[in-house]
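For reference, the chains in residue letters:
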Amino acid sequence: MLTIRAVHFDDFIPNWRTHSEVINYNVLVLVMEGKVTYRIENEEYTGERGDFLFIPHGSRRSGENHPSGPHQKFTIIFNYEVDAMPFIPFLHDKKFVHFKLWRLQYLHRRFERLYEEMRQGENFRTFICHGILQELIGVIARELEKPEVIPIKMKYADMIKHYLLDHYREQIEIKDLAQLIQRSPNYTIAVFREVIGQSPIKYIHQLRVIEACNLLLNSDMSISNISNYLGYYDTSYFFRVFKKHTSMSPTAFMTYGNQQDVAQLFT
């Protein structure tokens, strides 16, 4: 059985720190921006964007902003009864865990949803929050079973990802991405797929469709204008791509879609 004690969102807090103590709870941390320094059992660790940390019950822990400045992170504080839980290796081992997440975008949304639910007083809040936390623990346990990605591959994938986030509306070819990291096109595709879980082209379409959903719901732009804005100069092709990713046409989404649909498009 899980008991959620608190969920925090630290949003670039100046002079943030937590004093040294032996904690009687477990902590999940997801670092979104900047860096944070923790001292766990007299060992110092630095968490940065995309890092997940698990600090188990009984650890001596302290934390503070990294010398580079404030940070942004989610923190979940919880307890659990071992006998009432399925076997989850990292919970069972009761050891500090620190690694880089593969599915950062999705897990960010789930941490954010849990934080929002915890702040509301609506019916079934506890039931929903327990479900989200169980999902987070399961997804994290699954990621820990994957082979570790070597740092240089993570660096290349991150460079490509940030480039795509800045230029996804433009016409991008694999050769442009290969030139960015000074590697072959085949290697570029392979390393991005290994780290991110999909090809660069599929990731571009994902970014465009998510933006299309937002524009369909929150702007007065026509579907053809949205298509052109996102780099799809053939509106019929835009319709096919959109339906492939959302299982409905842009017209249907504009009528029946909502913000929750946008958040759950890609998991």
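Given the structure is predicted, the values throughout are model-derived calculations rather than measurements. (Residues numbered from 1 in each chain as written. Predicted model: local features only at pLDDT ≥ 70, side-chain atom pairs only at ≥ 80, totals over all residues. Heavy atoms only, no water.)

J.: Which residues make up the sheet that holds strand 6 (residues 51-55), and what are the values?
T.: Spatial strand order, 1-8-3-6-9: five strands in an open sheet with antiparallel pairing. Edge positions in the open sheet fall to strand 1 (2-11) and strand 9 (97-100), since each of these has one partner strand only. Averaged over neighbouring strand pairs, the angle between their axes works out to 15° when direction is ignored. The pairing of strand 3 (residues 26-33) with strand 8 (residues 72-80) spans seven bridges and is antiparallel. Counterpart to Asn26 in the pairing with strand 8 is Phe78. Against the sheet, helix 3 (residues 125-144) engages strand 1, strand 3, strand 6, strand 8 and strand 9, with an angle of about 80° to strand 1. (Pairing = 2+ DSSP bridges. Helix = DSSP H or I, 4+ residues; strand = E, 2+ residues; numbered from the N terminus. Axes fitted to C-alpha atoms, helices over the stretch in contact; angles between N-to-C directions. Contact = heavy atoms within 4.5 Å.)

J.: Break down helix 2 (residues 104-119) for me, with residues and values.
T.: In a regular helix each residue adds 1.5 Å, so 16 residues correspond to 22 Å; helix 2 covers 23 Å between its end C-alpha atoms and thus fits that length. Considered for burial, the residues of helix 2 that qualify are Leu104, Tyr106, Leu107, Arg109, Arg110, Phe111, Leu114, Tyr115 and Glu117. (Expected span 1.5 Å × (residues − 1). Buried < 20%, exposed > 50% of the residue type's maximum accessible area, 1.4 Å probe, protein only.)

J.: Give me the lowdown on the nonpolar core, citing residues and values where you can.
T.: With 32 residues, the main nonpolar core has Leu28, Phe52, Ile76, Phe78, Phe90, Leu91 and Ile137 as its most contacted residues. Every element with two or more residues in this core is listed here: strand 1, strand 3, strand 6, strand 8, helix 1 (89-93), strand 9, helix 2 and helix 3. It is helix 3 that provides the largest number of residues to this core, a total of eight residues. Ignoring anything within four residues of it in the chain, the contact list for Leu91 reads Phe54, Phe78, Tyr80, Met85 and Ile137. Core analysis: the second largest hydrophobic core is formed by 30 residues, Ile160, Ile174, Leu207 and Phe253 among them. (Core = buried A, V, L, I, M, F, W, Y, C linked by side-chain atoms within 4.5 Å.)

J.: Which residues make up the sheet that holds strand 5 (residues 43-48), and what values go with them?
T.: The four strands lie next to each other as 2-7-4-5, forming an open sheet whose pairing is antiparallel. Bordering the open sheet on either side are strand 2 (17-22) and strand 5, each of which pairs with just one other strand. The average undirected angle you get between the axes of adjacent strands in this sheet is 20°. The pairing of strand 4 (residues 35-40) with strand 5 spans six bridges and is antiparallel. Paired with Thr37 across the two strands is Thr46, which belongs to strand 5.

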